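One letter stands for each residue in the lines below.
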Amino acid sequence: MSDRIAQAVVKEDLEPEVEPFFHKDSYAYRPGKSAIDAVSVARQRCWSYDWVLDLDIKGFFDNINHDLLMRAVRKHTDCKWVLLYIERWLKAPVQLTTGTLVNREKGTPQGGVISPLLANLFLHYAFDMWMQGNQSSIPLERYADDIICHCKAEKQAEWLLTAIEQRLAECSLELHPQKTSIVYCKDDNRRGSYPNEKFDFLGYTFRPRRSKNRDGGFFVGFIPAASNAAQKAMRQTMRSWRLHRRSGQTLDDFARMFNPVLRGWINYYGRFYKSELYPTFQHFDLILGRLASRKYNRLRGRQRKAKHWLYRRRSR
């Protein structure tokens, strides 16, 4: 706990010094910026650029080079106690569940208060500044180590991928071979078919989807919606609540306990293509219906009647 307090003090001292220098399209762990902002900008740029280079750095937080990171920190502060404590936190050994201590020669402390700021600072020099100086015409969105770049042509994306691999190798990092891909942003105005026509970014899947325009007509656009992995995680969380074991509680009790979580999911994943969430929340309705059929004798064994009961309650 004392370390977390000390890291918060260092963060408050260092963050105002580095924040003005960060790239405008870096969104992770920054005041006034969010993951939704990154998804929104990516959505708009996918309409203007035909190709996306979807990057994922392999084991980023575990492979940050300490010497390069401390060099970046010294660019922004000469405060001796800040430098002293950051270096100590970076080099502090890791204790395994067996009690064994393992010396750490690279990476940042997992879950540390200062770690997100240090990771942002490292990638600011390792990637953002390099892109700004060498590939300034290529727009990007970066959220920690989750990065997408927008390209006009497939050859440009292939060339950029090679250049980024070389740049990251200079900084002791490498791209994840399975999670890094070149994606075609297919829609009604773009011809041809390619193996990769979708990618995941911050819990959203970008892919061709049928949509309605302002005049009521339908078209296919390259649009983000809640990913299958995110929806699976939501359903697993719903099941973990084990509502069938809570027959002594009322719907009002459930509303107080679970509405903040449900509302948070809707506020984040419902910002774009909200209808994709319908099956997940119908699953929650099904759970509530099963609970009602067990709790009330008149609904016992009558799933359809329990469904109508829930619908009436929800409407009121």
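Residues numbered from 1 in each chain as written. Predicted model: local features only at pLDDT ≥ 70, side-chain atom pairs only at ≥ 80, totals over all residues. Heavy atoms only, no water.

Draft legend 1. Broad picture of unusual backbone geometry. The backbone of L202 shows a phi angle near 55°, a positive value even though the residue is not glycine. Locating L202 in the fold gives a position in the loop between β7 (199-201) and β8 (204-212). Taking relative accessible area as the criterion, L202 reaches 15% and is therefore assigned buried. Even without a glycine there, the phi angle at R242 is positive, about 50°. Residue position: R242 is located in the loop between α7 (228-240) and α8 (251-269). (Helix = DSSP H or I, 4+ residues; strand = E, 2+ residues; numbered from the N terminus. Buried < 20%, exposed > 50% of the residue type's maximum accessible area, 1.4 Å probe, protein only.)

Draft legend 2. Geometry of the pattern of salt bridges. According to the stated counting rule, one finds 12 salt bridges in the structure shown. When the shortest N-O distance is used, the salt bridge between R30 and E19 registers 2.6 Å. In this pair, R30 is assigned in the loop between α1 (2-18) and α2 (35-48) and E19 in the loop between α1 and α2, connecting sequence segments 11 residues apart. Take R30 and E19: they sit in the same class, and that class is buried. For the salt bridge of R190 with D187, the shortest nitrogen-to-oxygen distance reads 3.5 Å. You'll find R190 and D187 in the same group, each marked buried. Here the residues in one salt-bridge network are K24, D25, R45 and E141, joined through shared partners. (Salt bridge = Lys/Arg side-chain N within 4 Å of Asp/Glu carboxyl O.)

Draft legend 3. Representation of the layout of surface pockets. Reported here for the largest pocket is a volume of approximately 580 Å³. Taken together, 19 residues make up the lining of the largest pocket; nearest its centre are N259, L262, F284, D285 and R314. The biggest single contributor to the lining of the largest pocket is α8, with 9 residues. When grouped by side-chain class, the residues that make up the lining of the largest pocket number 12 nonpolar, 2 polar and 5 charged. (1 Å grid on protein atoms, 1.4 Å probe; cavity = no way out; pocket = protein on both sides within 12 Å on 5 of 7 lines; lining within 4 Å. Points joined across faces, edges and corners; volume = space filled by probe spheres on them. Nonpolar A, V, L, I, M, F, W, Y, C, P; charged D, E, K, R; others polar.)

Draft legend 4. Spotlight on the packing of aromatic side chains. Applying the stated rule across the entire model yields 17 aromatic pairs. Summarising the aromatic geometry, the rings of Y85 and W89 are spaced 5.8 Å apart at their centres and angled 35° between planes, so their arrangement reads as tilted. Taken together, the positions of Y85 and W89, both in helix α4 (residues 80-91) and 4 residues apart, correspond to about one turn of that helix. Consider the rings of W241 and F284, whose centres lie 6.0 Å apart with planes at 85°: the pair is edge-to-face. (Phe/Tyr/Trp six-rings, centres within 6.5 Å; stacked < 30°, edge-to-face > 60°.)

Draft legend 5. Spotlight on a positive patch on the surface. The grouping of R242, R245, R290 and R294 at the surface amounts to a positive patch. Mapping R245 onto the fold places it in the loop between α7 and α8. Look at R245 and you get exposed, because its relative accessible area is 60%. (Patch = residues over 30% accessible without salt bridge, like charges linked within 9 Å, V, L, I, M, F, W, Y side chains within 5 Å. Areas by Shrake-Rupley, 256 points an atom, 1.4 Å probe, with all protein chains shown as cover. Lys, Arg positive; Asp, Glu negative; His and termini not counted. Charge placed at Lys NZ, Arg CZ, Asp CG, Glu CD.)

Such coordinate-based values are descriptive only and should not be taken to indicate function.
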